[in-house]
Amino acid sequence: MQEKKLYTITIFSENNVGILNLISIVYTRRFINIEGISASTTSIPGIYKTTVLSYSDRETMEKVKSQIEKAIYVVKAFLYTDDEIIFQEVALYKVPTKQMFKRNNLENIIRTYNARILDITPDFIVIEKTGHYNETEMLFKELKSYDIKQFVRSGRVCVTKDPVEHLDAYLAKRDKDFAKMLGTKKADKSK
C-alpha cells in the first residue's frame, strides 16, 4: 500500500451551479476527506479555479483527478504535491481587547508571528496571519491563552513553481490539435 501524503488538486472550470457538488461527490465515492478547499476567478475570463487538499496516495489521487476532468464544466485538473507549488492560507483571530492589553505583549506576538492587526475595537482585536498551516496553527495555540473568541482559516491558494501556467499550455495544445483536426477534415472534403 502506498504512503498517504497531502495532495493539492487544482480544478479549472466554468462557473456553473453544482460544480462543487460534482467535485465533492468524486471525493465522497472514494472515501477521501477534503482537508481544505478554496475557489476564485482566474486570469482567463469565464474560468474559475478550485483548489482542493486531501490526504491519500498518488494512484488514488490520479484517479480522482481523472474523474473530476470528466465533469462537463471542467476544463482541466492538475495534481500537485507541496514541493511543486507555492502556497499560502490566511487566518483571522478575534481576541478580547482587554485580554491582549492586560498582558501588555500584543506587539511581541504580532512581531514574533509576522502577523498584523486588521481591526481594534473596545471589545476585540482582529489579527491576521498569512502563511502555511503550521504557522497559522502556532499563532492559534498562542492566542488560546488570551481567551480567543473566533478563529477562521481560509483554504489554500497556490500557484505552480513552473514558469508556465499549466492551463495555458493545455489550452494552446488543445486549440492546436483542434485546428489540425479541422484542417484534416477540410482537406478530406475537398478531395
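Reading guide: rules and limits
Residues numbered from 1 in each chain as written. Predicted model: local features only at pLDDT ≥ 70, side-chain atom pairs only at ≥ 80, totals over all residues. Heavy atoms only, no water. Helix = DSSP H or I, 4+ residues; strand = E, 2+ residues; numbered from the N terminus. Buried < 20%, exposed > 50% of the residue type's maximum accessible area, 1.4 Å probe, protein only. Contact = heavy atoms within 4.5 Å. Areas by Shrake-Rupley, 256 points an atom, 1.4 Å probe, with all protein chains shown as cover. Lys, Arg positive; Asp, Glu negative; His and termini not counted. Charge placed at Lys NZ, Arg CZ, Asp CG, Glu CD. Polar contact = N/O pair within 3.5 Å; in protein donor to acceptor, adjacent residues only side chain to side chain. Phe/Tyr/Trp six-rings, centres within 6.5 Å; stacked < 30°, edge-to-face > 60°. Expected span 1.5 Å × (residues − 1). Arc of directions from axis to C-beta. Pairing = 2+ DSSP bridges. Axes fitted to C-alpha atoms, helices over the stretch in contact; angles between N-to-C directions.

Caption draft 1: Looking closely at the overall build of the protein chain. When its secondary structure is counted, the protein chain shows six helices and nine strands. Judged by the C-alpha coordinates and their principal axes, the protein chain covers about 85 × 40 × 30 Å. For the protein chain, with 191 residues in total, the buried portion stands at 39%. In the protein chain, 75% of the contacts between residues at least 6 apart in sequence involve partners at least 24 apart. Split by element, the accessible area of the protein chain, about 12100 Å² in all, is 53% carbon and sulfur. Averaged over its 31 positive side-chain charges, the protein chain has a centre that lies 4 Å from the centre of its 25 negative ones.

Caption draft 2: Looking closely at the side chain of Ser38. Along the chain, Ser38 turns up in strand β2 (residues 36-41). Reaching out from Ser38, the side chain makes a polar contact with the backbone oxygen of Arg156 at a distance of 2.6 Å. Excluding residues that lie within four positions of it along the chain, Ser38 makes contacts with Lys49, Thr50, Thr51, Gly155, Arg156 and Val157.

Caption draft 3: Structural view of the packing of aromatic side chains. Under the defined criterion, the tally for this structure stands at four aromatic pairs. Seen in terms of ring centroids, Phe12 and Phe78 are 6.0 Å apart; in terms of plane orientation they differ by 75°. Their pairing is edge-to-face. A residue pair is termed long-range when its members are at least 10 positions apart, and Phe12 in strand β1 (residues 5-14) and Phe78 in strand β4 (residues 74-80) qualify at 66 residues. Each member of the pair Phe12 and Phe78 is classed as buried. Ring plane angle 35° and centroid distance 5.1 Å describe the contact between Tyr93 and Phe151, whose orientation is recorded as tilted. One end of the pair, Tyr93, is in strand β5 (residues 85-96); the other, Phe151, is in strand β8 (residues 150-153), and 58 residues separate them in sequence.

Caption draft 4: Spatial organisation of helix α5 (residues 133-144). End to end, α5 covers 16 Å across twelve residues, agreeing with the expected 16 Å (1.5 Å per residue, within 8%). Taken residue by residue, α5 has Thr136, Glu137, Leu139, Phe140 and Leu143 as its buried positions. One side of α5 carries all its buried residues, which in axial view fall inside an arc of 160°.

Caption draft 5: Summary view of the sheet that holds β1. With antiparallel pairing, the four strands of this open sheet are ordered in space as β2-β3-β1-β4. A single partner strand is all that each edge strand has here, and the edge strands are β2 and β4. Each neighbouring strand pair of the sheet contributes to a mean axis angle of 15°, computed without reference to strand direction. Seen against the sheet, helix α1 (residues 19-29) touches β1, β2, β3 (47-56) and β4 and runs at an angle of roughly 20° to β3. Where helix α2 (residues 58-69) meets the sheet, its contacts fall on β1, β3 and β4, and the angle it forms with β4 comes to roughly 170°.

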